[in-house]
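# Per-entry structural report
Here is how the chains run, residue by residue.
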Amino acid sequence: EMIPVYTFYSMFGFQRVMDLIWAAGDSQTRGFLIGATSGRTTLAGEGLQHQDGHSHLLASTVPNCVSYDPTFAYELAIILQEGLRRMHDKQENIFYYLTTMNENYKHPEIPKGCEQGILKGMYLFKEFNNKGKIKVQLLGSGTILREMISAAEVLSKEFNIDSDVWSVTSFNELRKDGMKVERKNLLNPTEKQQKSYVENCLSKREGPVIAASDYMRSFADQIRPYIAKPFYSFGTDGYGRSDSRKNLRKFFEVDKAHIVTYTLSALAKEQLIPSKYAEAAMKKYNIDKNKPIPSAL
């Protein structure tokens, strides 16, 4: 069998050829779409014409499209292997959309037992336990997972706040699972109510949830109904801009500094820490609270 792999530049896949992608789904096409250099802040220097902050939301509209936004090489390898198994061994009429990054960074060894979590949409990447009294759940997707990891290190070392860092490989797949479980529970009100996968991951973990990706906030917001905790999502709403990755992530407020600050502010809002810590972080990182929201510029 032929295994089609279509690699395209940034958002040109789902934006430029969306009609063809929809037709591919309708005709039960199998194969891999690879959105290379994806994410609104990952493709630096080419402005609103190319930077992709919404292709995964477009992918979610195609029922038989299975989409992932992996960060590390082992995640991508596991997803590709599973895609081959489902499409060619099991003969499922699905196709895959995978976003990849053209960015140099170290790839860690695969954590033990994370394979099923990668495929389901999220897994626990690392725990930061400094025996602090406060804990937070940090959910990062794609390239912004690395900003989450850096933010977790700052929260632990400088503020004595523990965290669980989750790699979210697919907010879309988590939403599909949440919808499925919710429907089953509503249709079976007399039976024991099941929990979605994301609920099972987070229900016994402490602290509010902070989620961020290199896509619009509505991408992460898809799992909001299935989380019984305070939930804060951050993303890259607005047009792309021509600048460096560092400056773009600062502008869209998904860099380490903003994640640290927003996490401290969220903890203060939940009355878990004094608000002075958030104010101190804003001062340290020169965050202008009067700057217009990025989506308005």
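Let me sum up the structure you'll find in this document.

Basis of the calculations
Residues numbered from 1 in each chain as written. Predicted model: local features only at pLDDT ≥ 70, side-chain atom pairs only at ≥ 80, totals over all residues. Heavy atoms only, no water. Helix = DSSP H or I, 4+ residues; strand = E, 2+ residues; numbered from the N terminus. Rg over C-alpha atoms; globule rule 2.2 N^0.38 Å. Contact = heavy atoms within 4.5 Å. Areas by Shrake-Rupley, 256 points an atom, 1.4 Å probe, with all protein chains shown as cover. Phe/Tyr/Trp six-rings, centres within 6.5 Å; stacked < 30°, edge-to-face > 60°. Buried < 20%, exposed > 50% of the residue type's maximum accessible area, 1.4 Å probe, protein only. Expected span 1.5 Å × (residues − 1). Pairing = 2+ DSSP bridges. Axes fitted to C-alpha atoms, helices over the stretch in contact; angles between N-to-C directions.

For the protein, the count of helices and strands is 13 helices and nine strands. For the protein, the C-alpha radius of gyration of 19 Å lies close to 19 Å, the compact-globule estimate for 297 residues. The dimensions of the protein, computed from C-alpha atoms along their principal axes, are 60 × 55 × 35 Å. Sequence separation of 24 or more characterises 77% of the internal contacts of the protein that already satisfy a separation of 6 or more. Here the protein displays about 14,400 Å² of accessible surface, and carbon together with sulfur accounts for 51% of that area.

Another point: the packing of aromatic side chains. A full pass over the atoms with the stated rule returns 13 aromatic pairs. With 5.6 Å between their ring centres and 45° between their planes, Phe 32 and Tyr 96 make a pair best called tilted. Note that Phe 32 is positioned in strand β2 (residues 32-36) and Tyr 96 in strand β4 (residues 95-99), a separation of 64 residues in sequence. In this pair, the class of Phe 32 matches that of Tyr 96, namely buried. Between Phe 234 and Tyr 262 the ring centres are 4.6 Å apart and the planes differ by 10°, which places this aromatic pair in the stacked class. In this pair, Phe 234 is assigned in strand β9 (residues 231-234) and Tyr 262 in helix α12 (residues 256-269), connecting sequence segments 28 residues apart. Members of the aromatic cluster, joined through ring pairs, are Phe 72, Tyr 74, Tyr 105, Tyr 123 and Phe 125.

So, on to helix α8 (residues 171-187). When the terminal C-alpha atoms of α8 are compared, their 24 Å separation across 17 residues agrees well with the 24 Å that a helix rising 1.5 Å per residue should span. Where α8 is concerned, the buried positions are Phe 171, Asn 172, Glu 173, Leu 174, Gly 178, Val 181 and Asn 185.

Turning our attention to the sheet that holds β9. Two modes of strand pairing occur in sheets, parallel and antiparallel, and in both the strands are linked by backbone hydrogen bonds. Sheet architecture is open: five strands sit in the order β5-β7-β6-β8-β9, paired in mixed fashion. Each of the sheet's edge strands pairs with one partner strand only, and the pair in question is β5 (122-128) and β9. Across the sheet, the mean angle from the axis of one strand to that of its neighbour is 20°, orientation sign disregarded. When strand β6 (residues 134-140) meets strand β8 (residues 209-212), the two strands line up parallel, connected through four bridges.

Pairing is parallel in the open sheet, where four strands are placed in the order β1-β2-β4-β3. The open sheet has two edge strands, β1 (5-9) and β3 (65-68), and neither has a second partner. Direction aside, neighbouring strands of the sheet carry axes that sit 20° apart on average. As paired elements, β1 and β2 share five bridges and run parallel to each other. Bridged to Tyr 9 within β2 is Ala 36.

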